[in-house]
Amino acid sequence: MNRRLFLRQGGMLGASLLAASPLALLSGCATTPSTRSLRRDYIAPDTSFVGSACGLPPVRVSADREIRTVVGLRPYRPSGFVVRAEKLGETLVVHNYGHGGAGITLSWGTAKLAVDIGAPGHSGRVAVLGCGAVGLATARLLQEAGFAVIIYAKNLPPETTSNIAGGQWFPAFLSDPAKRTDAFNRQLLAAADYAYRRYQLMVGPRFGVRWMRNYFLRNSEFAETGYIGEQSVLRSMMPEYRDLAPDEHPFSGYKYVRQFDTMIIEPPVYLSAMLDEFHIAGGAIVVREIADRAQIEALPEKLVFNCTGLGAKALFDDEELTPVKGQLTILLPQPEVQYAVCPGDLYMFPRSDGIVLGGTHEEGVWSLEPDLVRKQQILSAHQAFFGSFRSC
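This report concerns the structure included in the present document. (Residues numbered from 1 in each chain as written. Predicted model: local features only at pLDDT ≥ 70, side-chain atom pairs only at ≥ 80, totals over all residues. Heavy atoms only, no water.)

What follows deals with the side chain of D318. Mapped onto the elements of the fold, D318 is located in the loop between α7 (312-315) and β11 (322-331). Under the relative-accessibility criterion, D318 is labelled buried at 7%. Here R77 takes part through its side chain, which lies 2.9 Å from a polar atom of the side chain of D318. Discounting residues that sit within four places of it in the chain, D318 has contacts with R77, V82, Y97, A312 and K313. (Helix = DSSP H or I, 4+ residues; strand = E, 2+ residues; numbered from the N terminus. Buried < 20%, exposed > 50% of the residue type's maximum accessible area, 1.4 Å probe, protein only. Polar contact = N/O pair within 3.5 Å; in protein donor to acceptor, adjacent residues only side chain to side chain. Contact = heavy atoms within 4.5 Å.)

Next up, the structure:
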């Protein structure tokens, strides 16, 4: 199944590529005190083109501009993410995992749902399993509620999938439309609304969050009830939303072009700042693997939040949870490029650490090895796309 087909079926063309799931059973993260200051290498966005797509600078795509190719595994559940509680002996476990490609996007929102389930009436220290974007957002909300928090994680960065996520704010690879329920849709809307507002408070260089224009290109009409449609439940979260006429954009060969603004979250900056905030608020991290439910019951904390992403498949026997492999090739930074675009099966996001190129979706694949043939195909396809820009 390719990305375009998957997104068309799901009615969503967002590309928050890689969710907050660990590459192994549990993810972990750490930082140094020096990262608390504003990033000196952060590139301020050039917004001179805003209001017109005609002046968009093309990405310079070539093999000699590649700086790395990375692979991450999205923790996908056809029925959508899990936020619910269960008892393990005297321990209350609140699950918060299975975000597909929307882990960074929804992390604050599902964290809010999870904390609202587990925190009322609890006293004493709280444990969070996992230290990706979902785990960190959960931990920070617990701290803001007055709890002492400890994170248990197996690996330190850069071994979390969150660290190599694309980071665009919009749900992608989230669920199978045929398996969505009204209850899930209500959870999604509540989570998206809270996360959307929370990230707005974090805009700026400290957290690496900024607004960005997005262009979605296709040759068939948009599904107007889908997530980027005019009747989308997320419509209020898409400012500057409109369709462009052929003389308003430089994209050759596409009949339909839709734009709206959303936020980009730069994972290397964002996760470092989040971890700083966690430490400053008194949080602690224990680097260890939690291998089974018996080890969870043995923890001294009797309220535990499970943010293990793909790790929940083995840890809690979730047979529905499956990996969706995504491969990204990063080019040298190009500061003048300050827009995101999703043409066909491809997608491009600019960040201060490089131009992110993607276009892969492999459900059920566990391999973290880059596919070099696929990488060349994606580079060639992006090169052809950006080389076809026209005057308007």
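Moving on, we get to the sheet that holds strand β9 (residues 284-287). Ordered in space as β2-β3-β10-β4-β5-β9, the 6 strands form an open sheet in which the pairing is mixed. Two strands in the sheet have a free side with no partner beyond their single neighbour: β2 (82-88) and β9. Adjacent strand axes in the sheet meet at a mean angle of 20° when their direction is disregarded. In the sheet, strand β5 (residues 149-153) pairs with β9 via 4 bridges, with the strands oriented parallel. Bridging from a neighbouring strand, I150 pairs with A284 of β9. Seen against the sheet, helix α2 (residues 103-118) touches β2, β3 (91-97) and β10 (303-306) and runs at an angle of roughly 165° to β3. (Pairing = 2+ DSSP bridges. Axes fitted to C-alpha atoms, helices over the stretch in contact; angles between N-to-C directions.)

The next thing to look at is unusual backbone geometry. Residues other than glycine seldom take positive phi values, yet F173 does so here, at roughly 50°. Relative to the assigned elements, F173 resides in the loop between β5 and α4 (182-200). By relative accessible area, F173 is classed as buried at 0%.

What follows covers the packing of aromatic side chains. Under the definition given, this model contains 17 aromatic pairs. Arranged with centres 5.0 Å apart and planes meeting at 55°, the rings of F81 and F184 form a pair that is tilted. Of this pair, F81 sits in the loop between β1 (66-76) and β2 while F184 sits in helix α4, placing them 103 residues apart in sequence. By relative accessible area, F81 is classed as buried at 4%. (Phe/Tyr/Trp six-rings, centres within 6.5 Å; stacked < 30°, edge-to-face > 60°.)

Membership of the largest hydrophobic core comes to 72 residues, with the highest contact counts inside it found for W108, W169, Y199, Y270 and F305. The element contributing the most residues to this core is α4, with 8 residues. Excluding residues that lie within four positions of it along the chain, Y199 makes contacts with I104, T105, S107, W108, W169, V209, M263, I265 and Y270. V59, V337, I355 and L379 belong to the second-largest nonpolar core, a separate cluster that totals 20 residues. (Core = buried A, V, L, I, M, F, W, Y, C linked by side-chain atoms within 4.5 Å.)

What follows concerns the pattern of salt bridges. Counted according to the given criterion, the structure contains 21 salt bridges. Among the ionic pairs, E144 bridges to R140, the shortest N-O distance being 3.8 Å. Linking E144 with R140, this pair stays in helix α3 (residues 133-144), spanning 4 residues, or about one helical turn. Residue E248 pairs with R242 through a salt bridge whose shortest N-O separation is 3.2 Å. Among the charged side chains, a salt-bridge network with shared partners connects R140, E144, R198, R206 and E277. (Salt bridge = Lys/Arg side-chain N within 4 Å of Asp/Glu carboxyl O.)

The next point concerns α2. Its axis deflected by about 35° at G109, α2 carries its strongest bend there. Burial within α2 is extensive, with 13 of its 16 residues counted as buried. (Bend = angle between axes of the 7 residues up to and from the residue.)

This next bit is on the packing of α2 against α3. Each pair of packed helices gets described by two things: the angle between the helix axes and the distance between those axes. At a minimum axis distance of 8 Å, the contact between α2 and α3 shows a crossing angle of 40°. With respect to α3, the axis of α2 lies oblique. Our pair here, α2 against α3, has a crossing hand that is right-handed. Note on element contacts: α3 touches α2 through A133, V134, A137, T138, R140, L141 and L142, opposite G103, I104, S107, W108, A111, K112 and V115. (Parallel < 35°, antiparallel > 145°, perpendicular 65-115°, else oblique. Left-handed = near helix turned anticlockwise from the far one by under 90°.)

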